[in-house]
Structures are given as structure tokens and as C-alpha cells.
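Report on the structure
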Amino acid sequence: QVQLVESGGGLVQPGGSLRLSCAASGSFSGIYGMAWAWYRQAPGKQRELVAKITKGGTTNYADSVKGRFTVSRDNAKNTLYLQMNSLRPEDTAVYYCNSLPPVSSTWGQGTQVTVSS
């Protein structure tokens with residue numbers, strides 16, 4: 001069973017930056033052999049995939065964040081990151097990490113990102 005703990009969220013003004021982290025722990029062989037992704041869920045909306053990274057390090061992004069967000073991974077630390085720049089009010093959401101495809105029993109608490117002036 002994998003436990004995921006997201007952190008790094010907060011309140012930021014439009015145009016600002018945040019770096020989210022996702023630490024994986026538990027009884028598993030490590031994040032290195034899997035594809036992972038960041039997801040987000042805004043109030044009243046369905047959870048959506050924001051960014052993904054394959055086990056080989058290839059990345060892909062939703063059109064809404066392309067050029068502003070960067071996903072990365074540190075296999076040695078079993079940690080996933082999401083660097084978010086040029087944040088917009090529409091980026092406000094709870095951000096989660098999970099494998100790709102996601103495992104329903106693995107969702108963490110997420111970290112709240114609020115972009116507002």
C-alpha cells in the first residue's frame with residue numbers, strides 16, 4: 001500500500017509561483033518504475049489531470065498549464081514535484097498526485113492552491 005502526502009500549496013497572487021511536492025511511502029518498490037501525475041479538482045468541478053511524467057521522464061501537460069507548469073521526479077527520494085509559475089485564478093484547486101492511471105485507494109489529502117489578489 002502506497003501513502004501519498006502532498007505539500008507546498010498556499011495562497012499566492014496572480015503571476016506568482018509555487019512548488020508542490022508529493023512524498024510517496026509505504027510498502028512498494030519505489031516510484032521509479034511507474035508513471036505518475038498531478039491532478040487537480042476545483043470547487044464544483046471534476047478532478048482533472050494536469051501533468052504527467054513517465055517512468056522514463058517524458059512529460060506531458062494539459063493545454064491550460066502548458067508552458068507554465070513543470071513536473072519532475074526524484075526517484076531516490078520517492079518524491080514528485082510540480083513547479084507552477086505564472087499562476088492564474090483559474091488554477092485555484094486542490095492538487096493531488098497519484099500514479100497514472102490513478103489508484104483509487106491511493107489518493108492523499110491533496111494540497112490547496114489559491115490564486116487571488
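First, a word on scope: everything that follows refers to the structure included in this document. (Residues numbered from 1 in each chain as written. Predicted model: local features only at pLDDT ≥ 70, side-chain atom pairs only at ≥ 80, totals over all residues. Heavy atoms only, no water.)

Scanning the protein from N- to C-terminus turns up zero helices and ten strands. For the protein, the α and β elements follow one another from N to C terminus as β-β-β-β-β-β-β-β-β-β. Against the compact-globule benchmark of 13 Å for 117 residues, the protein has a radius of gyration of 13 Å, which places it among compact chains. When its C-alpha atoms are laid out on the principal axes, the protein stretches across 40 × 25 × 20 Å. (Helix = DSSP H or I, 4+ residues; strand = E, 2+ residues; numbered from the N terminus. Rg over C-alpha atoms; globule rule 2.2 N^0.38 Å.)

Relative to the assigned elements, serine 21 resides in strand β3 (residues 18–26). Beyond its immediate chain neighbours, meaning those up to four positions away, serine 21 contacts Val5, Glu6, Ser7, Trp38, Thr79, Leu80 and Tyr81. (Contact = heavy atoms within 4.5 Å.)

Counted under the stated rule, the structure contains two aromatic pairs. When the centroid spacing of 5.1 Å and the interplanar angle of 80° are considered together, the rings of tyrosine 39 and tryptophan 107 count as edge-to-face. On the criterion of sequence distance, the pair formed by tyrosine 39 in strand β4 (residues 36–41) and tryptophan 107 in the loop between β9 (93–99) and β10 (111–115) is long-range, its members being 68 residues apart. A relative accessible area of 6% means that tyrosine 39 is categorised as buried. Note on tyrosine 96 and tryptophan 107: the rings are 5.8 Å apart at their centroids and 80° apart in plane angle, and the pair reads as edge-to-face. (Phe/Tyr/Trp six-rings, centres within 6.5 Å; stacked < 30°, edge-to-face > 60°. Buried < 20%, exposed > 50% of the residue type's maximum accessible area, 1.4 Å probe, protein only.)

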